[in-house]
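Coordinates in review
Residue strings, one per chain:
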Amino acid sequence: YGVILADQLSDPERRTGASLAEFSETTVRRLREVALPFASAQNPIDLTGSATNSMFDSAIEILQDDPNVDAILVSLIPYPPLLDEGSIDIIEKWNVSGRKPIISVVQGCAFVPHVIHRLWSVGVLAYPTLWQVTRAIGALCKRGEFLRRLETSG
């Protein structure tokens, strides 16, 4: 899903205004230290189906520290027992304590509506489809551009 999301966000025909961050060398190194050897530490990150809640938490922490990252888009597919409902707690934690907004697309589990409701209740934008999250990010980018124009014109 990460590659599909990356393609949708960066497709010029969709005009989302979004672009993928280029991670610093430090970020890539730190991601490789916490992820499995066959995981992708480039953008989009793929922690693989063998990811644990701990890896997930560490990856978000690392992205919080990268100055090239403006927001974190999480493609959440909780597959117990390694990545379970605790991953929702992790998103909630970083939404409160992190410096960067987190947006999520939640798929692939029977309790998608529950997860989305729980994330929305704590202020995390969460959607059940790639199309919806792509449109939401596009709207946020357009709003950001509008606000920048207001600042420079006033």
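Structure shown above.
As a starting point, this report considers the structure included with it. Keep in mind the model is a prediction, meaning the values are calculated, not measured.

Things to note about the packing of helix 4 (residues 86-97) against helix 5 (residues 112-121)
Their axes nearest at 10 Å, the elements helix 4 and helix 5 cross at an angle of 20 degrees. In this view, helix 4 runs roughly parallel relative to helix 5, as classed from their interaxial angle. The handedness of the crossing between helix 4 and helix 5 is right-handed. Residue-level contacts link Ile 88, Asp 89, Ile 91 and Glu 92 of helix 4 to Val 115, Arg 118 and Leu 119 of helix 5.

Quick word on a nonpolar patch on the surface
A surface patch of nonpolar side chains, about 260 Å² in accessible area, is lined by Phe 146, Leu 147 and Leu 150. With respect to the helices and strands, Leu 150 occurs in helix 6 (residues 130-153). A relative accessible area of 46% means that Leu 150 is categorised as partly exposed.

Regarding the sheet that holds strand 1 (residues 72-76)
Taken in spatial order, the 3 strands of this open sheet run 1-2-3, and their pairing is parallel. Bordering the open sheet on either side are strand 1 and strand 3 (125-127), each of which pairs with just one other strand. Strand-to-strand, the axes of this sheet are offset by a mean angle of 20 degrees, without reference to chain direction. Note: strand 2 (residues 102-106) against strand 3, 3 bridges, orientation parallel. Each residue of the ladder has a partner; that of Val 105, found in strand 3, is Tyr 127.

A look at the pattern of salt bridges
If charged atoms from side chains of opposite charge come close, those side chains can pair. For the structure on display, the rule yields 8 salt bridges. For Arg 29, the salt bridge goes to Glu 33, with nearest N and O atoms at 3.0 Å. Linking Arg 29 with Glu 33, this pair stays in helix 2 (residues 25-34), spanning 4 residues, or about one helical turn. Residue Arg 29 is classed as partly exposed on the basis of its relative accessible area, which comes to 43%. The exposure class of Glu 33 is exposed, given its relative accessible area of 57%. The partner of Asp 89 in a salt bridge is Arg 118, and the shortest N-O contact between them spans 2.1 Å. One end of the pair, Asp 89, is in helix 4; the other, Arg 118, is in helix 5, with 29 residues separating them in the sequence.

Criteria and cut-off values
- Residues numbered from 1 in each chain as written.
- Predicted model: local features only at pLDDT ≥ 70, side-chain atom pairs only at ≥ 80, totals over all residues.
- Heavy atoms only, no water.
- Axes fitted to C-alpha atoms, helices over the stretch in contact; angles between N-to-C directions.
- Helix = DSSP H or I, 4+ residues; strand = E, 2+ residues; numbered from the N terminus.
- Parallel < 35°, antiparallel > 145°, perpendicular 65-115°, else oblique.
- Left-handed = near helix turned anticlockwise from the far one by under 90°.
- Contact = heavy atoms within 4.5 Å.
- Patch = residues over 30% accessible without salt bridge, like charges linked within 9 Å, V, L, I, M, F, W, Y side chains within 5 Å.
- Areas by Shrake-Rupley, 256 points an atom, 1.4 Å probe, with all protein chains shown as cover.
- Salt bridge = Lys/Arg side-chain N within 4 Å of Asp/Glu carboxyl O.
- Buried < 20%, exposed > 50% of the residue type's maximum accessible area, 1.4 Å probe, protein only.
- Pairing = 2+ DSSP bridges.

So far we have only geometry, and geometry alone does not tell us how the molecule works.
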